[in-house]
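# Architecture and fold: a report
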Amino acid sequence: MAFRASRLALTCCALMIATLAGAQGTSSNACADKDSSSQRLARLEHEVEAAFQRGDSVFLNNVLANDFRFRHATGQVDGKQETIADFAKPGNFIARTLTAVEVEVHGTVAVTNGRIEVRSAAPREYTICYARLNECREGQWRLLSHGTFREGS
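It is worth spelling out the side chain of Arg132 at this point. One can find Arg132 in strand β5 (residues 124–137). Classification of Arg132 by relative accessible area gives buried; the value is 1%. Engagement of the side chain of Arg132 in a polar contact is seen with the side chain of Glu49, the distance being 2.5 Å. At a separation of 2.9 Å, a polar atom in the side chain of Arg132 contacts the side chain of His146.

Structure representation (structure tokens):
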């Protein structure tokens, strides 16, 4: 039930942003094609997880929007710089395997939902389910928000 409520809230949020973006004329040809955007966003999900695994702060700094927010399953919320500082450390993760991803494109915004199997150097193994909000800004998809809504072993 929490998954559906979280997903519904993010979808509603995405649709509101899409409406506002359309009203302001911010649509971009680079993100206009729904099918290619869906494919690009699915690839981007894998690229983001690979960047977290290898500790690639340069890649993450480029793909995370400046107003990015990361909501942990605990309710803690971090901004872009805190997220990069906490997660983008080489050797922090042995594996971050994206085992499921779903993409919904709504014009210049998109919602992605997925599941990641994580093996940290702590050592700790766990699975997270998440929802992310993306927006096409200046012709590039940027990650605006990540919300982990379930974490378990």
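Enumeration according to the criterion identifies seven salt bridges in this entry. One salt bridge in this structure joins Arg132 and Glu49, with 2.5 Å as the shortest N-O distance. Taken together, the residues Arg132 in strand β5 and Glu49 in helix α2 (residues 34–54) connect sequence positions 83 residues apart. One connected set of salt bridges, linked through shared partners, spans Glu45, Glu49, Arg96 and Arg132.

Within the largest apolar cluster, 26 residues are counted, with the highest numbers of intra-cluster contacts made by Leu60, Leu64 and Trp141. Apart from residues no more than four positions distant in its own chain, Leu64 is found in contact with Lys80, Ile84 and Leu143.

With 80% of its residues at a pLDDT of 70 or more, the protein shows a mean pLDDT of 85. Low pLDDT (under 50) marks residues 1–5, which in the prediction has two contacts with non-local residues, meaning those over four places away or in another chain.

Before going further, it helps to spend a moment on the sheet that holds strand β2 (residues 77–79). Paired through their backbone hydrogen bonds, the strands of a sheet run either parallel or antiparallel. Overall, mixed pairing links the six strands, which are arranged β2-β1-β6-β5-β4-β3 in an open sheet. Lying at the two open borders of the sheet, with one neighbouring strand each, are β2 and β3 (93–106). Neighbour-to-neighbour, the strand axes of this sheet turn through a mean angle of 20 degrees, independent of strand direction. One ladder, built from 11 bridges, connects β5 with strand β6 (residues 140–152); its direction is antiparallel. Counterpart to Asn134 in the pairing with β6 is Leu143.

Moving on to the pairing of β5. Of all 14 residues that make up β5, 10 are buried, and the element is covered over most of its length. Linkage of strand β4 (residues 109–120) to β5, two consecutive antiparallel strands, is achieved through a turn of three residues. Count of turn residues in the β5/β6 antiparallel hairpin: two residues, of which Glu138 carries a positive phi of about 55 degrees.

Definitions and limits used
- Residues numbered from 1 in each chain as written.
- Predicted model: local features only at pLDDT ≥ 70, side-chain atom pairs only at ≥ 80, totals over all residues.
- Heavy atoms only, no water.
- Helix = DSSP H or I, 4+ residues; strand = E, 2+ residues; numbered from the N terminus.
- Buried < 20%, exposed > 50% of the residue type's maximum accessible area, 1.4 Å probe, protein only.
- Polar contact = N/O pair within 3.5 Å; in protein donor to acceptor, adjacent residues only side chain to side chain.
- Salt bridge = Lys/Arg side-chain N within 4 Å of Asp/Glu carboxyl O.
- Core = buried A, V, L, I, M, F, W, Y, C linked by side-chain atoms within 4.5 Å.
- Contact = heavy atoms within 4.5 Å.
- pLDDT = per-residue confidence, 0-100.
- Pairing = 2+ DSSP bridges.
- Axes fitted to C-alpha atoms, helices over the stretch in contact; angles between N-to-C directions.

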